[in-house]
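# Structural overview for review
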Amino acid sequence: MLRRAVPISTQPVKHSFGVLRPAVAPSWTRCLATVHPSPLITEPPPVRGSMPPNHVARVGRLTTFALPQEVVGSQSDLSLGQRMIDTWRKDGIFQIFLTPAQGAMLRRAFKSSKGFFRRPYEEKAKHVDDRSFSGYIASGEELTDGVADYSEIFTVTKDLPPTDPRVQAKWPCHGPCPWPDANYATTMKDLMTLLGESGEKLLKLTALGLGLGDPNALTKLTEDGWHHMRVLRFPQVDRTNGKGKAGRGIGSHTDYGLLVIAGQDDVGGLFIRRPMDGEKLHNWEKSAAGFKENDENWTYVPPVENTLTVFPVCSHILGDMMQYLTRDHLPSTPHKVGLNTRERYAFAYFHEPNFSSVVKPLRDYGHEASNDKPGIHYGTHFTNMFMRNYPERITAKRVKAENRMQILKDIANEALGPARDAAGASVAM
Ligand SMILES: O=C(O)CCC(=O)C(=O)O
Ligand SMILES: [Fe+2]
């Protein structure tokens, strides 16, 4: 089987500082080279960095795909889509090679990110907005499962001027992005555009791989999508401010939308949980935050270098809406971040449905949506998650002070139509 060509190694190991367990089993390396030559699956590049200390996990060796220039619905698109689905169902994650343009862009973005995070706290802290959740999040400000994360973040959501009708109508989460400077803004927006192109291709391949026939069956959801990105920095494990839990960068969680495209530097810190029997999380109904954070069934995602362009490749995981849409066929991937012996920089780009869209489960993965579930108003799910993660942020306080959740309820009710009282539309407050 093709998808067994690049397995995740199965042996849990306890790591000590700076030691990386060899992740490649020689037997399947041979198998990859001799049995499955394919222009779309390439031998993975060498791993870099080392696993964060005091974490127990398998070391992943991820399947690596190269995306075509364009997805047109050809036989090779179909077979790539099927292999992607197989890999997600087995591993919960895969990698794609960056295009040279993405590689160059990512390198510029890492430089900008470092430049911003190295500024004094007082200066960074000015870049917040009380209408959108865009902007600076200090280390220790974000909560996952009620515990402070050590991640330091600049969040980018849709950058909307005050004149936008949704901002005027006080839709929660809608407002400008408080950029630190024009150069940073251009760099991050350009990066999002490039990652978004991959997101659209991946959704088209996913639609084909699910057997939907029409490559555009899923991209209909992402017209004017609520794509957003987190620019992340993690402190060195012994240089934290003491607000969180030792060694924990971000607690275990799932992300909210369709796809997560993540890029990391050469330090290492990301862990994912492979789909496992009996672990069907429904984060839109009951929080998946903190799920099995401390057990041993995690897979470390080592940074790898793109052998063609000498840049890191991006890893891809699934969000809550993809799980809901596919009736658990493609479960949202739980993941967490550990702190390492060096500070770490990363990007997490979220390819999302339109804020106002109602996501409905696919009927047997066929075109038509089923009527047995009311659907989820994506903007409600997103807002609920951000209200939970940043209860003390000025944005959350303004949402409460101006009762913007009622505005959201009205928007969701209109989008959901007759099914509006169903649980999927509920606004948690
Ligand atoms: O740091 C990473 O690699 C992933 C971060 C993450 O999970 C997130 O921002 O939601
Ligand atoms: Fe995440």
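Residues numbered from 1 in each chain as written. Chains lettered and ligands numbered in written order. Predicted model: local features only at pLDDT ≥ 70, side-chain atom pairs only at ≥ 80, totals over all residues. Heavy atoms only, no water.

So, on to the coordination of the iron ion (ligand 2). Donor atoms from the polypeptide that bind the iron ion (ligand 2) are H253 (NE2), D255 (OD), D255 (OD) and H335 (NE2), placed at 2.1 to 2.8 Å. The site at the iron ion (ligand 2) holds 6 donor atoms, and with the angles between them running 50 to 162°, its shape is irregular. Each donor residue of the iron ion (ligand 2) lies on one chain, and together they are spaced H-x1-D-x79-H. Taken as a pair, D255 in the loop between β10 (248-253) and β11 (259-264) and H335 in strand β15 (residues 335-338) lie far apart in primary sequence, 80 residues in all. A residue is classified by how much of its surface remains accessible, and D255, at 7% relative accessible area, is buried. (Donors = N, O, S within 2.8 Å, 3.2 Å for Na, K, Ca; no water. Tetrahedral: all angles 85-135°; square planar, octahedral: opposite > 155°, others 65-115°. Helix = DSSP H or I, 4+ residues; strand = E, 2+ residues; numbered from the N terminus. Buried < 20%, exposed > 50% of the residue type's maximum accessible area, 1.4 Å probe, protein only.)

This brings us to the state of the cysteines. Each disulfide consists of a covalent bond between the sulfur atoms of two cysteine residues. Using the criterion set out here, one finds 0 disulfides in the structure. As a non-bridged cysteine, C173 has C177 as the owner of its nearest cysteine sulfur, 13 Å distant. (Disulfide = S-S within 2.5 Å.)

Turning our attention to the packing of helix α2 (residues 75-91) against helix α6 (residues 182-209). Remark: α2 packs on α6, axes separated minimally by 7 Å, with the N-to-C direction vectors making an angle of 90°. On the basis of their axis angle, the class for α2 and α6 is roughly perpendicular. For the pair α2 and α6, the contacting residues are D77, L78, L80, G81, Q82, M84, I85 and W88 in the first and L202, L205, T206, L208 and G209 in the second. The residue inventory of the contact of α2 with α6, partitioned by class, reads 8 nonpolar, 4 polar and 1 charged. (Axes fitted to C-alpha atoms, helices over the stretch in contact; angles between N-to-C directions. Parallel < 35°, antiparallel > 145°, perpendicular 65-115°, else oblique. Contact = heavy atoms within 4.5 Å. Nonpolar A, V, L, I, M, F, W, Y, C, P; charged D, E, K, R; others polar.)

What follows covers the pairing of strand β16 (residues 344-351). Of all 8 residues in β16, 8 are buried, a share of seventy percent or more. What you see with β16 is no split at all: R344, A346, A348 and F350 on one side and Y345, F347, Y349 and H351 on the other are buried throughout. Here 7 bridges tie strand β9 (residues 228-234) to β16, and the two strands are oriented antiparallel to one another. Paired with M229 across the bridge in β16 is Y349. When β11 meets β16, the two strands line up antiparallel, connected through 6 bridges. Across the sheet, the residue bridging to G263 is F347, located in β16. (Pairing = 2+ DSSP bridges.)

Further remarks concern the pattern of salt bridges. In this structure the tally under the stated criterion is 27 salt bridges. A salt bridge links R131 to D129, with the shortest nitrogen-to-oxygen separation between them at 3.0 Å. For R398, the salt bridge identified is with E402, shortest N-O distance 2.9 Å. The class for R398 is partly exposed, based on a relative accessible area of 21%. The class for E402 is partly exposed, based on a relative accessible area of 29%. (Salt bridge = Lys/Arg side-chain N within 4 Å of Asp/Glu carboxyl O.)

In the predicted model, the protein carries a mean pLDDT of 83, and 81% of its residues have values of at least 70. Contacts from residues 307-313, a stretch scored under 50 in pLDDT, to residues over four places away or in other chains number 28 contacts. What the predictor reports for the complex is a pTM of 0.87 with an ipTM of 0.99. (pLDDT = per-residue confidence, 0-100.)

The subject of this paragraph is the site of ligand 1. In the neighbourhood of ligand 1, 13 residues make up the surrounding shell, with R230, H253, D255, H335 and R344 lying closest. At a separation of 2.6 Å, an oxygen atom of ligand 1 approaches a polar side-chain atom of R230. Residue H253 places a side-chain N or O atom 3.2 Å away from an oxygen atom belonging to ligand 1. Contact with the protein chains covers 97% of the free accessible surface of ligand 1, which is 300 Å². (Near = heavy atom within 4 Å. Polar contact = N/O pair within 3.5 Å; in protein donor to acceptor, adjacent residues only side chain to side chain. Areas by Shrake-Rupley, 256 points an atom, 1.4 Å probe, with all protein chains shown as cover.)

What follows is about helix α3 (residues 100-117). Helix length check: α3 (18 residues) gives 26 Å between terminal C-alpha atoms against 26 Å at 1.5 Å per residue, within 8%. Here α3 has its buried residues at Q102, G103, M105, L106, A109, F110, S112, S113, F116 and F117. (Expected span 1.5 Å × (residues − 1).)

By the burial criterion, the buried members of helix α9 (residues 394-401) are T395, A396 and V399. Each buried residue of α9 sits inside an arc of 100° when the element is viewed along its axis, so together they form one side. Contacts made by the buried residues of α9 are with α8 (378-389) and α10 (404-416). Of the residues trailing α9, N403 is marked for its positive phi of about 50°. (Arc of directions from axis to C-beta.)

Here the focus is the side chain of D255. Notably, D255 is buried but unbridged: the nearest opposite-charge side chain belongs to R230, and the N-O separation is 5.9 Å. Separated by 3.3 Å, the side chains of D255 and H253 make a polar contact. (Lys, Arg positive; Asp, Glu negative; His and termini not counted.)

This part is about the environment of L408. Assignment of secondary structure puts L408 in helix α10. Residue L408 is classed as buried on the basis of its relative accessible area, which comes to 0%. Each C-alpha atom of the pair L408 and L270 lies 33 Å from the other, and the pair is 138 residues apart in sequence. In this structure L408 touches P172, F355, H377, G379, T380 and T383, once residues within four positions along its chain are discounted.

Inspection of the secondary structure assignment puts R230 in strand β9. Separated by 2.6 Å, the side chains of R230 and E142 make a polar contact. Within polar-contact distance, the side chain of R230 engages the side chain of Y390 at 3.1 Å. Beyond its immediate stretch of four places on either side in the chain, R230 contacts E142, I153, F154, T155, I250, A346, F347, A348, F350 and Y390.

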